[in-house]
Amino acid sequence: MTVDQPLRVAVLGAGPGGYAAAFHAADLGMNVTLIDESPLPGGVCLFRGCIPSKALLHAAHLIEETREAAAWGINFAEPEIDLTALRGWKQRVVDRLTRGLGALSRQHSVRYLQGRGHFEDPNTIRVRTDGEVTDINFDYAIIATGSVPAIPAALRLNSPLVMDSTAALDLPDVPGSLLIVGGGYIGLELGSVYSALGSRVTVVEMTGGLLPGADRDLVEPLEKRLRSQFEAILLNTRVAELAEQDGRIRARLSAADIADPERDFDRVLVAVGRAPNTRNLGLEQTSIEVDSRGFIHVDHMRRTAEPTIFAIGDVAGEPMLAHKANHEGRVAAEAIAGQPAIFDPAGIPAVVFTDPELAWCGLTEGQARERGIPFEVSRFPWAASGRNITMGRTDGLTKLIIEPGTERILGIGIVGVGAGELMGEATLAIEMGTRVTDLHLTVHAHPTLAETLMEAGSLYFGHSPHYIARAPRP
Amino acid sequence: MPTDFRLPELGENITEADVVLVLVREGDTIAVDQPIATIETEKATVDVPSGVTGRITQIHIAAGQTVSPGAVIVTVDAAIGAEAAVSKLPAAPAAAVTATPPPLASPPAPAAEPSPPLAAPTPAPAAKPEPTEAVTVPASTPPAPAPATPAPPEGTAAAFAAPSVRTFSREIGVDIHAVQGSGPGGRIDIEDVKRHARELRATPVAGGIPPLPDFSQFGEVERQPLSRFRRTIARSTATTWSQIPLVTLFSTADSSAFEAIRRRYRDAASRAGGTLTDGVLLMKLVGAALKEFPQFNATLDLQREELILKQYVHIGLAVDTDRGLVVPVLRDVDKKTIVDLAADFRGISDRVKANALTLEEMRGASFTISSLETLGVSHFTPLVNWPEVAILGVGSNADLPSYEREELRVHKRIALSLSFDHRVIDGADGARFLRWLVNAIHEPAMLDIPEAAS
Ligand SMILES: Cc1cc2nc3c(=O)[nH]c(=O)nc-3n(C[C@H](O)[C@H](O)[C@H](O)COP(=O)(O)OP(=O)(O)OC[C@H]3O[C@@H](n4cnc5c(N)ncnc54)[C@H](O)[C@@H]3O)c2cc1C
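To keep things clear, this report deals only with the structure shown in the data block. No experiment lies behind these values; they were computed from the predicted model shown.

1. Quick look at the overall build of chain B
- Each helix and strand counted, chain B has nine helices and 17 strands in total.
- When contacts within chain B are restricted to residue pairs at least 6 apart in sequence, those whose partners lie at least 24 apart make up 64%.

This is how it looks when you write it as structure tokens:
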């Protein structure tokens, strides 16, 4: 086999989608150029998303735990927070991982090109780096330009006091009071960080509940705990207007019955969603189609309407999650190599890294109801989990969504400490087409939180040793 | 990734073709559907379109050479391409990898034609019927793996199978949503996928058929799901059609003699709860014929290269119902009197009407009689009910003029059509069976006379 003229593949954007696609394509023998504005690969996830937020949340959980320890007879003084050092630690985490990715690019023989890319035609990306222009000709391109925070016009205030998630992760200070617009996962995660550091946090959510999309029985324990930590959680409430006044931000809230609609905050974090990065990419030079929200249309292989161009990650649609981007990167690279790859996961896990963590994978109860899919549920409350109790907790719930007749597990939802880590087993169970019996008959280490998955399985048959819910099944 | 592209099946009984012209050179980059060579078969001269995309690293054929379907004609490197080829994404990445020859397809699409936007990976262009070309893909050709990555329709849940099984299924071109899982709860394992692929190969009806055109472009259509009943018939008739070299012989018998017998035993039959019809009499004669010609009451075991001769005579009667075709079985026809048979037949008919047949009553036939008599058909070519080896078709039993000793007379004459498996039965033996039966109808003397006759 001769290897002259390998396929030339250009990957635009070096986030979890882009770098995964680039590395895999290179491993498959293609000639890959990975383009990103940043000097190192990593994208939103590593520089201003998953990784820095999780580092800060780790610190926040530690602070909260020291406070709880008083109940177990261990008294800590209120922590002294050295913001500069905390910022530095978070930065070292990010640096370590992104430098690692830079080294991996070289090891995978991927050419990394720093600069902003723009499609000139369906076979060329023009990359601008500090006035220098490089044209990259490709046989195939993969767009992985991700997403950016979306800020509604009414809240767009040219003030450093109004932050998006990127600015909030920079930890400029610990404001006395912080208004968070949006009760989604980013708002709640960053709210938890600032609350632990000492800010009085108010969350304003337009819809009737936090974390729209998640099942209510899972949200409930989280909301309960957050309400005890935050200053306020205002549902069915909109932030109509923001204005800067005397070094603070005055917010006008609108809701059916709100006592004091005008409230002042030291800072505001707007976390109402993210918009796909499809503008100013030169997509109009191609036949790529974009929907009304800006997402690129792709098929099962992640191919766009332009046959030589693929799109993956946040830019290719929901769920906007790093691991989804990553898997799509693999699919696109294999499809280009002519392999029969398609994107067809049985479940994509979603984790909210609050305390308690809230996580789910596969079908949710809400989706099943909405789509009229027949299902059965088995719920195991963590008040009956030995491990949970040893950690001083009683809150938490593991639930299985089960296909009647086949016993196939269609979805798993968990709220509780460390729920995110339990998604490993949960996702594997769903992806492997596990039946409740299998889960129920698998020996789980004791005492662990993973036992709750087994117990929820046992409970389906009415046989849980630790919890009596209903008459046993024959 | 070197990939061999093989000469596709060219049509029924075409085992070789001459290469007229090779249209590509080593180093060329080819796309799916691009013609590779012109070949000449005994029926037509055609271009062979590529089923793969990539750069040609080796050409294995030359003009003037004779090649057979399945022979490697070019080797391509699928990971390598140049602008020319990549102007169009291979429509068939699955085929490109597995490199099983797709059926000869329509002429190559213009290279500039973009693939349809947004569509799930579509199968490679269908083998459009080309009226001017004699080349067709025979129904019995083992289906090539689906020419495109089978993708679930939008919104379907992932199949009840592990990711490795789903990937395997895609790799061999099987739509996993069509696979029936044998695991607990219907879970699909790798063996299920393999079995499904084998079944597809054995029953061309179920798979391997080129994609259908979009009929809505011609007018409104309605889609009806196939009943299990229909699916079973589709599968079994397709097996017969593809596996059995079938011969049909026609004859006509004068059934006037039936009349006298019927009159004689009518009362005995009705006392036993039956009706003595020509059909019952005919069945009795067929039972006797099967004793005389045991190879008609047999099954071919190709695996062991044996003929299984049945020592029993169970005759299936193909009956038309509003649910479709059903075939109740009358047992030990050779051992029963016509009075018994008339009663059995009556019982079975009633249960057919009431839709009360048991599975047991529809199993175990060693020969089948199919009657289209009441529908005004004369001769026809019934399909053997595999694994049986022969079937008798009974057509109209009507008054027909014929010469008897130079005199024109009118007789009741039954149209008989005998289909059989030529692997087991030669034409002359078929003719003997039919002649024996016709003679027996003319003189049904050997019909068992019931003891209780009066
Ligand atoms: C605060 C926060 C927390 C998050 N936490 C999690 C989490 O815990 N788990 C999780 O799964 N997901 C999390 N996410 C989401 C996750 O970061 C994204 O889903 C993921 O980064 C998407 O990856 P991507 O490859 O699509 O693109 P991105 O990571 O968005 O990367 C796109 C890259 O393309 C570059 N780019 C864009 N346009 C151009 C251009 N024209 N030229 C050159 N380069 C360009 C960008 O600079 C960027 O580097 C979080 C996001 C945020 C904001």
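Now that the structure has been shown, we can carry on.
2. Section: the site of the ligand
All names here are of chain A.
- With respect to spatial proximity, 38 residues lie near the ligand, and among them G17, D36, K54, D314 and A322 are the closest.
- Between the ligand and G117 there is a distance of 2.9 Å, counted from a nitrogen atom to a backbone nitrogen or oxygen.
- At a separation of 3.5 Å, an oxygen atom of the ligand approaches a polar backbone atom of S147.
- With four residues, helix α2 (residues 43-48) is the largest single contributor of residues to the shell around the ligand.
- Looking at side-chain class alone, the shell around the ligand contains 15 nonpolar, 16 polar and seven charged residues.
- Both of domain 1 (8-148 + 275-336) and domain 2 (153-272) provide at least three residues apiece to the shell around the ligand.

3. So, the pattern of salt bridges
- Evaluation of the coordinates by the stated rule reveals 49 salt bridges over all chains.
- Between D344(A) and R170(B) there is a salt bridge, and its shortest N-O distance comes to 3.7 Å. Highlighted residues: D344(A) in the loop between α8 (322-336) and β19 (350-352) and R170(B) in helix α3 (residues 163-171), drawn from two different chains. Like D344(A), the residue R170(B) is buried in the burial classification.
- The shortest N-O distance in the salt bridge between E361(B) and R351(B) comes to 2.2 Å. Residue E361(B) is found in the loop between α8 (338-353) and β15 (367-371), and its partner R351(B) is found in helix α8; the two are separated by 10 residues along the sequence.
- By relative accessible area, which is 16% here, E361(B) ends up buried.

4. What about the packing of aromatic side chains?
- A full pass over the atoms with the stated rule returns 10 aromatic pairs over all chains.
- Ring plane angle 70° and centroid distance 6.3 Å describe the contact between Y140(A) and F310(A), whose orientation is recorded as edge-to-face. Here the residue Y140(A) occupies a position in strand β7 (residues 140-143), and F310(A) occupies one in strand β18 (residues 309-311), the gap between them amounting to 170 residues.
- Residue classification places Y140(A) among the buried residues on the basis of a relative accessible area of 2%.
- On the numbers, 6.0 Å between centres and 85° between planes, the contact of F293(B) with F296(B) is edge-to-face.
- We classify F293(B) as buried; its relative accessible area is 13%.
- Here the aromatic cluster, defined as three or more aromatic residues joined through ring pairs, consists of F293(B), F296(B), F367(B), F420(B), F433(B) and W436(B).

5. Regarding unusual backbone geometry
Residues and elements named next belong to chain A.
- Backbone torsion omega between E318 and P319 reads -10°, so that peptide bond is classified as cis.
- On the secondary structure map, P319 appears in the loop between β18 and α8.
- Looking along the chain, the bond that leaves D355 and enters P356 is cis, with omega of -5°.
- With a phi close to 50°, N236 is a non-glycine residue in the positive phi region.
- Counting through the fold element by element, N236 comes out in the loop between β12 (232-234) and β13 (238-245).
- Non-glycine residue N280 carries a positive phi angle of around 55°.
- Summarising the element assignment, N280 is placed in the loop between β17 (274-276) and β18.

6. Some words on α8(A)
All names here are of chain A.
- Over its 15 residues, α8 runs 21 Å from end to end, which matches the ideal 21 Å to within 8%, given 1.5 Å per residue.
- Within α8, the full set of buried residues consists of K324, A325, E328, G329, V331, A332, A333, E334, A335 and I336.
- Downstream of α8 by a residue or two, G338 has a phi angle that is positive, lying close to 85°.

7. Here we look at helix α6 (residues 185-197) of chain A
Residues and elements named next belong to chain A.
- Its 13 residues give α6 an end-to-end C-alpha distance of 18 Å, which sits within 8% of 18 Å, the value for a rise of 1.5 Å per residue.
- For α6, the buried fraction is high: 11 of the 13 residues fall into the buried class.
- The set of residues buried in α6 consists of G187, L188, E189, L190, G191, S192, V193, Y194, S195, A196 and L197.
- The first or second residue beyond α6 is G198, which carries a positive phi of 125°.

Cut-offs used in this document
Position numbers for residues count from 1 along each chain, tracking the sequence in the order it is written. Going through the entries in the order they are written, you letter the chains from A and number the ligands from 1. Per-residue local features are limited, in this predicted model, to residues with pLDDT of at least 70; the limit for side-chain atom pairs, both in listing and counting, is 80 or more; totals at the level of whole chains, interfaces and linings are taken over all residues. Each side-chain value is worked out from all heavy atoms of the structure, with water and hydrogens disregarded. The numbering of helices and of strands both runs from the N terminus, where a helix is a DSSP run of H or I of at least 4 residues and a strand a run of E of at least 2. For this analysis, residues touch if any pair of their heavy atoms sits within 4.5 Å. By convention in these notes, a residue is near a molecule or strand provided one of its non-hydrogen atoms lies within 4 Å of it. Here a polar contact is recorded for every N or O atom pair within 3.5 Å, except that within protein the pair must consist of a potential hydrogen donor and a potential acceptor, and residues adjacent in sequence are included only if both atoms are side-chain atoms. Gly is put with the polar residues, along with every residue not named as nonpolar or charged; the nonpolar set is Ala, Val, Leu, Ile, Met, Phe, Trp, Tyr, Cys and Pro, and the charged set is Asp, Glu, Lys and Arg. For the domain bounds, the source is a domain assignment made automatically or taken from a database. Each salt bridge in this description consists of a side-chain nitrogen of Lys or Arg and a carboxyl oxygen of Asp or Glu lying within 4 Å of one another. Burial status follows relative accessibility: with a 1.4 Å probe on protein chains alone, a residue under 20% of its type maximum counts as buried, one over 50% as exposed, and anything between as partly exposed. Only rings of Phe, Tyr and Trp enter the pairing, Trp through its six-membered ring, and a pair is recorded when the two centres are within 6.5 Å. The plane angle decides the type: under 30 degrees is stacked, over 60 is edge-to-face, the rest tilted. Expected span of a helix, by definition, is 1.5 Å for each gap between consecutive residues, and there is one gap fewer than residues.

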